[in-house]
Structure formats: C-alpha cells, structure tokens
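# Remarks on the overall topology
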Amino acid sequence: MTTAGIASQISAKAYARRRKQLMRMAGDDAILVLPSANELIRSRDTHYPYRQDSDLWYLTGFPEPEAVLVLVPGRKHGETLLFCRERDLEREGWDGPRFGPEGAVEAFGLDDAYPIADLDDILPGLLEGRSRVYYHFGRDQEFDLKLIGWLNRVRAMVRQGAQPPHEFLELGHLLDEMRLFKDRDELKLMQRAADISVQAHEVAMRAARPGVREYELQAELERVFRMHDAEPAYGSIVGAGANACVLHYRANNGVARDGDLVLIDAGAEFRGYAADITRTFPVSGRFSAPQRALHDLVGAAQAAALAQARPGVAYEAGHNAAVETLTEGLLKLGLLKGKLEKNIADGSYRRYYRHKTGHWLGLDVHDVGEYRIEGESRLLEPGMVFTIEPGLYVSADDTSVDPKWRGIGIRTEDDVLVTKDGYQVLTDKLARSADEIEALMG
Ligand SMILES: [Mn+2]
C-alpha cells in the first residue's frame, strides 16, 4: 500500500458497502471527515515509508497522502467525496503516478472527487446544515485547527441563515466497532499475512546457529516478507539470551551463543493487515531441561487461554486462564512459593509475567475496538481476531532464583479468529511445542 496503483484486493463494491454501513450508523444529519496519514520526514528531504491511515484505507483503499475523505449521508449530489492531489506530470516524474480526482472517482467507486487545494473552499459548505460532525479529534493537531476554522466560517454566517453543526462526536465510536469485526475479504488478507509470517519464522529458525547475530535472523524474516510483497507490521523483535526478557527489544544486534534461546516476535503486514507471531527456540536446535520446562509451561498457558476462545465467553477469561496456569506451574517449579489463590490475588506472578495475554489484531497490530463495555470485559463474538501471547521472563540478575532459570525469556504468540462455534488459529501451521520446534530445526 505504499505506492499508488497497488490493488488492495478488496473490490470497490465492498468498500462502498462499508461506507454505507458507517453512514447508516452516523445518521442522515451527520458528516464524517477522515484525513489521510501525513508523510513524515525522516531527515531533511527523506521520508519514512508512507503508510495510509487505517480508517481511510478501510473505507476506500486509497493509497495516497494529502487526501481527505468526506462522507455526507443522504446528500443528493453524492455522499462519498474525496479530496486528493491533482495529477502533476512534473512531480509524478519524481514520486510516481497519482490518481488525481477523476482517476480516483473511477478507481475507488466514489461519488465525486476534488483537488485537495479546494478543500478550504468546499468544506464549510458541506458542514453547513449538518448537525453532527464525526472526526478523530486530537489525533492531528494541524487538521484539528483547520476543521475549527471551517466550523467558524459557518458560524460567522449564522445571521445570514447558516446552520452550523452543534454536536461533535468521536469517529472511533462507530468505526472502531466496525473494524473489530472482520469481513470475509479481510479474513483472506489476514490469513495471507499469517501464512507469510509463518514461512518467515520457519526460515529464521532454520537459519539459526550458535554465533548468529540477531539482525541476521531479522534479515531472514524480512526477506521472506518482501519476497511476498509484504513488510514488517511493526519493528521485528529478535532477542537472544537475556535480551528476550526486554519486552519491546529494538537493538537486534546481539549474538546468540550456544545454549541461548532466541525470541522472535515479528509479523508481516499484507495489504494493510497485520499478523503477529512470537516463537522462542534454542539457537543450537535443542532445549535444555530448564528451558523446556518453562517453554512447556508457556505452551500450557496458551492452550488454557485458547480454550476460552468462543462466542459468549468474556475476552478477559483467556488472560485469567493463562495467569492461573502460569502461576500454578511457577509454584510447581519452585519459582513462586505459597498458595495459588494468594499468588494470583496479590499479583506475585507479575514478577515473571508482566503483560496482558493478547490484543485485537487487524489493520493495526494493536487493533481498534473496546476491551471493556460499561466496566465489564466484553464477550467474544464471531469475526473478532486477537492474539494469545503468554510469556515468562526471568531476569538475568535475579539472584533470588536458582541460576538455571536466570536470563530465560519465553513467549509464544498466535493469531486467533473467533468463529460461530469456537475458534480458528490463523497461524496454526507454525511449529509451536518444544518437540515441534526441535523437529523443524533438526
Ligand atoms: Mn502481539
């Protein structure tokens, strides 16, 4: 999705259906305003790779920056309007082709499109007479100020009979809920992202050998992503030895020495959709006994969480099941002492497990959607996709535990779709248990 012209593989009709649904929820007196993501400067005149705003992408598949989607439900002269860059052969010679307003109408099934330079003239007229504005307030300060300016222009015309909007609503309230439930087109793309990621993890595991640098394994992974027209959905984490205990490890420049585990948390983004997988494997191909004991325990916690993945069960139940299994196991291994209930209640287990067991997954790796509704964990429903990723991390300098455990960090993460009567693991094909991993590497 970084360059114009790359098909999203979702039909113009499917995007139109999503926009219709959103407009129906917003109501006939509303207007919805969605700017594209900004281009970000990396240094001087070089930019970070461009990535479209997930909401704009979800509703149009339009890949370019400097664009604004405006939805005006029930408007006679067209409900779906896009403001975008005009064609410019000189600029296109440097940066690549643009759709331009005419091209965009045709390619993306819009009602109308205008040059982005006309936004200032046209938007006040579109706001006039609408009572509610849906917009992501506070996400883009510069655009917030522009929107306030357009509203003030309508307000200044009140004595001439203009009716300015008087309700301002968070767009995410409607759109995040839509995005939480994945349709069939989205699930195809998510399965593709999962398949590419599975293959990338397999290649990295097979490339592991004592002495390998973390970035060499990262290169193996990301080569597979790019080979399939995908890119990293987030910064790949490759942590050898005690680096695995750093939850958002970024350096990826350490050496994996014989006897070390390597934790890889990496996923591909394909046509905007993320996969998110973690595996932890012995760089030599064989788990030591203590490594295997902790790896098995994380696997048991993941299985316990997965058993809670079905419609009608609270999202939180998965995390609670994982915590209970981990705590029970830590007591058996002597890493915790005392009673199970007490260790859970007072959070003693957090010494080894300090993150949650998962998150929604979709266009964003930590996807949109509420986890709690009116103070209660929401119930799972078909079409939701989330990760299950329990882990255990024993600090390298924790002198209060037996030395054999120190510096071990393990996480196992898979991507799970809630189906009508249970679940489907999108990343099921990847070796998961210690035996499966040893077999793959052997
Ligand atoms: Mn994750």
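On a predicted model such as this, the values are computed, not experimentally measured, just so you know.

Before going further, it helps to spend a moment on the domain arrangement of the protein. Assigned domains within the protein: domain 1 (12–178) and domain 2 (181–441). Distance from the C-alpha centre of domain 1 to the C-alpha centre of domain 2: 37 Å. Of the roughly 970 Å² buried where domain 1 meets domain 2, counting both sides, 38% is carbon and sulfur surface. There are 3 salt bridges connecting domain 1 and domain 2. Two residues, Asp183 and Arg18, come together in a salt bridge whose shortest N-O distance is 3.1 Å. For the pair domain 1 and domain 2, the number of links is 8 residue pairs in polar contact (both at pLDDT 80 or more). The set of elements that each furnish at least two residues to the side of domain 1 that touches domain 2 consists of α1 (12–26), α2 (54–60) and α7 (172–180). Of the residues in the side of domain 1 that touches domain 2, the class split is 4 nonpolar, 1 polar and 5 charged.

On to the environment of Val416. With respect to the helices and strands, Val416 occurs in strand β20 (residues 414–418). For Val416, the residues in contact, after removing those within four places along its chain, are Leu306, Ala309, Met384, Val385, Phe386, Ile388, Tyr423, Gln424 and Val425.

With that settled, the discussion passes to the sheet that holds strand β14 (residues 277–282). Pairing within the open sheet is antiparallel, and its 3 strands lie in the order β10-β11-β14. Across the chains shown, the open sheet's two edge strands, defined by having one partner strand only, are β10 (237–240) and β14. Across this sheet, the average inter-strand angle for adjacent strands is 10 degrees, counted without regard to direction. Two elements, strand β11 (residues 261–266) and β14, share 6 bridges in a ladder whose sense is antiparallel. Residue pairing for β14: Ile264 is matched across the bridge by Arg279. Contacts from helix α8 (residues 184–207) reach β11 and β14, with the element oriented near 15 degrees to β14.

Time to look at the coordination of the manganese ion. All of the protein donors around the manganese ion are Asp276 (OD), His359 (NE2), Glu389 (OE) and Glu413 (OE); their distances to the metal are 2.1 to 2.4 Å. For the manganese ion, the donor residues sit on a single chain with the sequence spacing D-x82-H-x29-E-x23-E. Of this pair, Glu389 sits in the loop between β17 (385–388) and β18 (391–393) while Glu413 sits in the loop between β19 (409–411) and β20, and the two are 24 residues apart along the sequence. Grouping residues by exposure puts Glu389 and Glu413 together as buried.

On to a positive patch on the surface, then. Where like charges cluster on the molecular surface, the positive patch consists of Lys13, Arg17, Arg184 and Lys188. Contributing elements (two or more residues each) for the positive patch: α1 and α8. Summarising the element assignment, Lys13 is placed in helix α1. Residue class for Lys13 comes out exposed when judged on its relative accessible area of 68%.

Backbone geometry places Arg44, a non-glycine residue, at a positive phi of 45 degrees. For Arg44, the location among the structural elements is in the loop between β2 (41–43) and β3 (46–47). You will see that Glu374, though not glycine, has its phi angle at about 50 degrees, which is positive. Its place among the elements puts Glu374 in the loop between β15 (372–373) and β16 (376–377). Overall, Glu374 belongs to the exposed group, its relative accessible area being 80%.

Before going further, it helps to spend a moment on the sheet that holds strand β6 (residues 112–115). Taking strand neighbours across the sheet as the criterion, the 6 strands line up as β6-β5-β4-β1-β7-β8 in an open arrangement whose pairing is mixed. Edge positions in the open sheet fall to β6 and β8 (167–170), since each of these has one partner strand only. The mean inter-strand angle of the sheet, taken between neighbouring strand axes irrespective of direction, is 20 degrees. When strand β4 (residues 68–71) meets strand β5 (residues 80–84), the two strands line up antiparallel, connected through 4 bridges. For Val68, the partnering residue across the bridge sits in β5 and is Phe83.

Once that is clear, we can look at the pattern of salt bridges. Side chains that differ in charge, positive against negative, can pair when their charged atoms come close. The full count for this structure, using the stated rule, is 30 salt bridges. Taking the shortest distance from any N to any O, the salt bridge between Asp55 and Arg179 comes out at 2.7 Å. Pair noted here: Asp55 is in helix α2 and Arg179 is in helix α7, with a separation of 124 residues, a long-range link. Assessed through its relative accessible area of 1%, Asp55 is described here as buried. You can call Arg179 buried: its relative accessible area is 3%. Taken together, the salt bridges that share partners define one network made up of Asp53, Asp55, Arg139, Arg179, Lys182, Asp364 and Asp367.

The terminal C-alpha atoms of α8 lie 35 Å apart, and with 24 residues this matches the ideal 34 Å at 1.5 Å per residue to within 8%. Sitting at the head of α8, Asp183 places a side-chain oxygen 3.2 Å from the backbone nitrogen of Asp185.

Another point: the packing of α1 against α7. At a minimum axis distance of 10 Å, the contact between α1 and α7 shows a crossing angle of 140 degrees. Here α1 lies oblique to α7, going by the angle between them. Relative to α7, the crossing made by α1 is right-handed. Every residue of α7 that contacts α1 at Arg18, Gln21, Leu22, Met25 and Ala26 is listed here: Leu174, Leu175 and Met178. Each residue belonging to the contact of α1 with α7 can be placed in one class, and the counts come to 6 nonpolar, 1 polar and 1 charged.

Definitions and limits used
- Residues numbered from 1 in each chain as written.
- Predicted model: local features only at pLDDT ≥ 70, side-chain atom pairs only at ≥ 80, totals over all residues.
- Heavy atoms only, no water.
- Domains from an automatic or database assignment.
- Buried area = accessible area lost by both parts, 1.4 Å probe.
- Salt bridge = Lys/Arg side-chain N within 4 Å of Asp/Glu carboxyl O.
- Polar contact = N/O pair within 3.5 Å; in protein donor to acceptor, adjacent residues only side chain to side chain.
- Helix = DSSP H or I, 4+ residues; strand = E, 2+ residues; numbered from the N terminus.
- Nonpolar A, V, L, I, M, F, W, Y, C, P; charged D, E, K, R; others polar.
- Contact = heavy atoms within 4.5 Å.
- Pairing = 2+ DSSP bridges.
- Axes fitted to C-alpha atoms, helices over the stretch in contact; angles between N-to-C directions.
- Donors = N, O, S within 2.8 Å, 3.2 Å for Na, K, Ca; no water.
- Buried < 20%, exposed > 50% of the residue type's maximum accessible area, 1.4 Å probe, protein only.
- Patch = residues over 30% accessible without salt bridge, like charges linked within 9 Å, V, L, I, M, F, W, Y side chains within 5 Å.
- Areas by Shrake-Rupley, 256 points an atom, 1.4 Å probe, with all protein chains shown as cover.
- Lys, Arg positive; Asp, Glu negative; His and termini not counted.
- Charge placed at Lys NZ, Arg CZ, Asp CG, Glu CD.
- Expected span 1.5 Å × (residues − 1).
- Parallel < 35°, antiparallel > 145°, perpendicular 65-115°, else oblique.
- Left-handed = near helix turned anticlockwise from the far one by under 90°.

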